[in-house]
Amino acid sequence: MSEFIQFDALLQVVVAGAIVGAGLPALFALGVRLLATPAPGVTVAVEGAPSGTDAAGPTTARPTGVRLAAAVLCFATVLAACAVGIWFLASGGH
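Structural notes on a nonpolar patch on the surface
There is a patch of nonpolar side chains on the surface, built from F4, I5, F7, L10 and V14 and spanning about 540 Å² of accessible area. Locating V14 in the fold gives a position in helix α1 (residues 7–36).

The structure is reproduced here in structure tokens:
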């Protein structure tokens, strides 16, 4: 153990930085990806959009219920982590 560097504290900072700095944005990106990429063959008509080439009008893909639930879980986890971080800092944590 060096008298200038506390390696256990340094490791804690590196791990926390990796989780918050890379893990939460990656989890948010996963949630966006789950919403943006629908299951193949699932479409729904868009109401009020200009007519398409077919008689039913234009269609857009919609994520399945499982993908929607997983995306909501990702967003809720990121939101909860942000709320806990704000609470921790506001309560005098360091």
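Back to the text.
Regarding helix α2 (residues 65–90)
Taking 1.5 Å as the rise per residue, α2 with 26 residues should run 38 Å; its terminal C-alpha atoms sit 37 Å apart, in good agreement. Regarding α2, the residues found buried are A71, C74 and V78. Against α1 lie the buried residues of α2.

Points about α1
With 30 residues, α1 should cover 44 Å at 1.5 Å per step; its first-to-last C-alpha distance of 42 Å lies within 8% of that length. Where α1 bends most, at G23, the angle is about 30 degrees, and the proline P25 comes one to four residues later. Tucked inside the fold, the buried residues of α1 contact α2.

Brief notes about the packing of α1 against α2
Interhelical geometry of α1 versus α2 gives an angle of 155 degrees and a closest axis separation of 8 Å. Comparing their axes, α2 and α1 come out roughly antiparallel. Read as a crossing pair, α1 and α2 show a hand that is left-handed. Touching L24, L27, F28, L30, G31, V32, R33, L34 and L35 of α1 are R67, L68, A70, A71, C74, F75, T77, V78 and A81, all from α2. Considering only residue class, the contact of α1 with α2 consists of 14 nonpolar, two polar and two charged.

Conventions we followed
- Residues numbered from 1 in each chain as written.
- Predicted model: local features only at pLDDT ≥ 70, side-chain atom pairs only at ≥ 80, totals over all residues.
- Heavy atoms only, no water.
- Patch = residues over 30% accessible without salt bridge, like charges linked within 9 Å, V, L, I, M, F, W, Y side chains within 5 Å.
- Areas by Shrake-Rupley, 256 points an atom, 1.4 Å probe, with all protein chains shown as cover.
- Salt bridge = Lys/Arg side-chain N within 4 Å of Asp/Glu carboxyl O.
- Helix = DSSP H or I, 4+ residues; strand = E, 2+ residues; numbered from the N terminus.
- Expected span 1.5 Å × (residues − 1).
- Buried < 20%, exposed > 50% of the residue type's maximum accessible area, 1.4 Å probe, protein only.
- Contact = heavy atoms within 4.5 Å.
- Bend = angle between axes of the 7 residues up to and from the residue.
- Axes fitted to C-alpha atoms, helices over the stretch in contact; angles between N-to-C directions.
- Parallel < 35°, antiparallel > 145°, perpendicular 65-115°, else oblique.
- Left-handed = near helix turned anticlockwise from the far one by under 90°.
- Nonpolar A, V, L, I, M, F, W, Y, C, P; charged D, E, K, R; others polar.

Read these as layout, nothing more, since geometry by itself doesn't imply function.
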